[in-house]
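Summary of structural features
Below are the chains, spelled out letter by letter.
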Amino acid sequence: MPGFELFGELERKEVNDVLDNGVLMRYGFDGMRKGHWKSKELETALQQSFKTEHVQLVSSGTAAVSVALASAGVGAGDEVIMPVFTFVASFEAIMMLGAIPVLVDIDDTLAIDPKAVEAAITPKTKAVMVVQMCGSMGNMDAIQAVCNTHNLLLVEDACQAIGGTYKGKPLGSIGDLGCFSFDFVKTITCGEGGAVITNNKAYYTNADHYSDHGHDHKGNDRGAETHPFLGYNFRISELHSAVGLAQIKRLPEFLTIQKKHYTIIREVLSQIPEITFRTVPEGGEESYAFLNFYLPDLEKARKVSEAFKQNGIDACFHYYDNNWHYIRKWDHLTNLKSLFPISAEVKEGLEYLKTKNFAKSDDYIARNISCLIKLSWTEEEVKTRANNMFKIISTI
Ligand SMILES: *Cc1c(COP(=O)(O)O)cnc(C)c1O
């Protein structure tokens, strides 16, 4: 990660196909496009990669989460249970629908804790969102069991875990709906883009219509199409899809490189007794987009993080002090600051955030360091990096 590190001829060729015919829109203009339907082709490629029946491309990962929830009928006043460790997009996408994000603890997988999910269920709960953070996954069997018992929708945000699997299934394909991001820093990038995947035909049809102003996509004349329900514009463009199409063809190559680099660093760091690694559930295989490890306490993690920065070990994150991925710094949510009025129901629904204790998650995130695994490193660079990390951690 990220895929842009290895841009090359393939990306250029796909983009030029689109520029040569000038049709940047994914729908219509059949006569002009010389047979190029990059978005449709990318959807087919993603169906195969993610072993899913249906794929709807959208404009971003954040849009994917909103579209996924909307497609399954989640809306005003519904509660969606989500983890305290994720990207801000998770609650943004929920709140855009007028729904209420119910934040709960993570466990040592760094994903949502199934026991915390169970404890947060109320009569208003509609869906559980599991976020497969930093290339790995939650305890999916246990999470799925809670959802089944309580008849809740399971939505998977696999934006950071493209290529990871659980019991042979691609991450994103386990829940009722899965969401992906192809933004500029993800494993597969389109510049901006995202996808909703599902095996449920009705959800897919809803996603297809909803993400294009409610267009029913029946027939060849956009103007004559009808609108069964309200929609928005979450469309992806052909230029973006063209880049993604080149990138998805290279996913196996990217995953091989990630695993190789990850393994070299992990083997070196394994020799430090005080380090433990994030738990990967049995039957799971990471995408190896990140290497996550725990140090004994916050103080040590802060020192190591600082020393990494001082010594040129870039792209290692200490999320405890980061503004975007952990609840500790989300004051715009906890003391709600919105540009426009938010419904009283949602405001009231968020009151719990002022007092709820997330000590368990605090402990995991305080001790965690998450290192991005880059694709462009040479093997020599990875080894030097691993040895430097070893020295830094061992001397603090
Ligand atoms: C990147 C990301 C998103 C949002 O994707 P965008 O395409 O940037 O909107 C959502 N969830 C997670 C976990 C992400 O990492």
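Reading the values: the criteria
- Residues numbered from 1 in each chain as written.
- Predicted model: local features only at pLDDT ≥ 70, side-chain atom pairs only at ≥ 80, totals over all residues.
- Heavy atoms only, no water.
- Pairing = 2+ DSSP bridges.
- Helix = DSSP H or I, 4+ residues; strand = E, 2+ residues; numbered from the N terminus.
- Axes fitted to C-alpha atoms, helices over the stretch in contact; angles between N-to-C directions.
- Contact = heavy atoms within 4.5 Å.
- Buried < 20%, exposed > 50% of the residue type's maximum accessible area, 1.4 Å probe, protein only.
- Disulfide = S-S within 2.5 Å.
- Domains from an automatic or database assignment.
- Buried area = accessible area lost by both parts, 1.4 Å probe.
- Salt bridge = Lys/Arg side-chain N within 4 Å of Asp/Glu carboxyl O.
- Polar contact = N/O pair within 3.5 Å; in protein donor to acceptor, adjacent residues only side chain to side chain.
- Nonpolar A, V, L, I, M, F, W, Y, C, P; charged D, E, K, R; others polar.
- Near = heavy atom within 4 Å.
- Areas by Shrake-Rupley, 256 points an atom, 1.4 Å probe, with all protein chains shown as cover.

**Regarding the sheet that holds strand 8 (residues 177-181)**
Sheet strands line up and pair through hydrogen bonds in the backbone, either parallel or antiparallel. What the seven strands build is an open sheet, ordered 1-9-8-5-4-2-3; its pairing is mixed. Each edge of the open sheet is held by one strand with a lone partner, namely strand 1 (54-58) and strand 3 (100-104). Pairs of neighbouring strands in the sheet enclose a mean axial angle of 25°, with direction left out of account. Here strand 2 (residues 79-83) pairs with strand 3 via five bridges, running parallel. Considered in strand 3, the bridge of Pro83 is made with Val104. On the sheet, helix 3 (residues 61-71) packs against strand 1, strand 2, strand 4 (125-131), strand 5 (153-157), strand 8 and strand 9 (194-198) and is oriented at approximately 165° with respect to strand 8. Strand contacts of helix 6 (residues 140-150): strand 4 and strand 5, with the helix running at about 145° to strand 5, the strand carrying the most contacts.

**Regarding the environment of Cys371**
Summarising the element assignment, Cys371 is placed in strand 14 (residues 368-372). Residue Cys371 is classed as buried on the basis of its relative accessible area of 4%. Non-local contacts of Cys371, meaning those with residues more than four positions away in its chain, are made with Ala289, Phe290, Leu291, Phe293, Phe308, Ala315, Cys316 and Met389.

**Let's talk about the state of the cysteines**
One pass over the full model with this rule turns up one disulfide. Cys316 shares a disulfide with Cys371; S-S distance 2.2 Å. With the S-S bond torsion at 110°, the cross-link from Cys316 to Cys371 turns out right-handed. Note that Cys316 is positioned in strand 13 (residues 316-317) and Cys371 in strand 14, a separation of 55 residues in sequence. The buried category is assigned to Cys316, whose relative accessible area is 11%. Unpaired in this structure, Cys159 has its nearest cysteine sulfur neighbour in Cys179, at a distance of 6.5 Å. On the basis of relative accessible area, Cys159 is assigned to the buried category, the value being 9%.

**Let's talk about the domain arrangement of the chain**
Taken domain by domain, the chain comprises domain 1 (3-250) and domain 2 (252-395). Domain 1 and domain 2 are separated by 23 Å when their C-alpha centres are compared. Each partner contributes to the interface: domain 1 provides 48 residues, whereas domain 2 provides 49 residues. In total, about 3900 Å² of surface goes out of reach between domain 1 and domain 2, with carbon and sulfur atoms giving 61% of it. Among the residues domain 1 hides against domain 2, the three largest losses belong to Glu5, Asp108 and Arg250. Together they make up 15% of the total. Joining domain 1 to domain 2, the criterion identifies three salt bridges. Linking Arg250 and Glu253 is a salt bridge whose minimum nitrogen-to-oxygen distance equals 3.4 Å. Run the count over domain 1 and domain 2 and you get 22 residue pairs in polar contact (both at pLDDT 80 or more). Elements with a minimum of two residues in the side of domain 1 that touches domain 2: helix 4 (89-95), strand 3, strand 6 (165-166) and helix 8 (238-249). Here the side of domain 1 that touches domain 2 gets five residues from one element, more than from any other, and that element is strand 3. Of the residues in the side of domain 1 that touches domain 2, the class split is 23 nonpolar, 16 polar and nine charged.

**What about the site of the ligand?**
Within the structure, the ligand sits among 14 residues, and Gly61, Thr62, Ser181, Asp183 and Lys186 are positioned closest to it. Within the backbone of Gly61, a nitrogen or oxygen atom sits 2.7 Å from an oxygen atom of the ligand. Here an oxygen atom of the ligand sits 3.2 Å away from a polar atom, N or O, in the side chain of Lys186. Expressed as a share of its isolated accessible area of 380 Å², the protein-covered part of the ligand is 93%. For the shell around the ligand, the class distribution of residues is five nonpolar, six polar and three charged.

**A closer look at the sheet that holds strand 11 (residues 284-285)**
With antiparallel pairing, the three strands of this open sheet are ordered in space as 7-6-11. Looking along the sheet, the strands with just one partner apiece sit at the ends: strand 7 (169-170) and strand 11.

**Points about the environment of Thr198**
Checked against the element boundaries, Thr198 lands in strand 9. Residue classification places Thr198 among the buried residues on the basis of a relative accessible area of 4%. The sequence separation of Thr198 and Gln56 amounts to 142 residues, and the corresponding C-alpha distance is 8.8 Å. Residues in contact with Thr198, not counting those within four places in the same chain, are Thr52, Glu53, His54, Asp176, Leu177, Tyr203 and Tyr204. There is a polar contact of 2.8 Å between the side chain of Thr198 and the backbone oxygen of Asp176.

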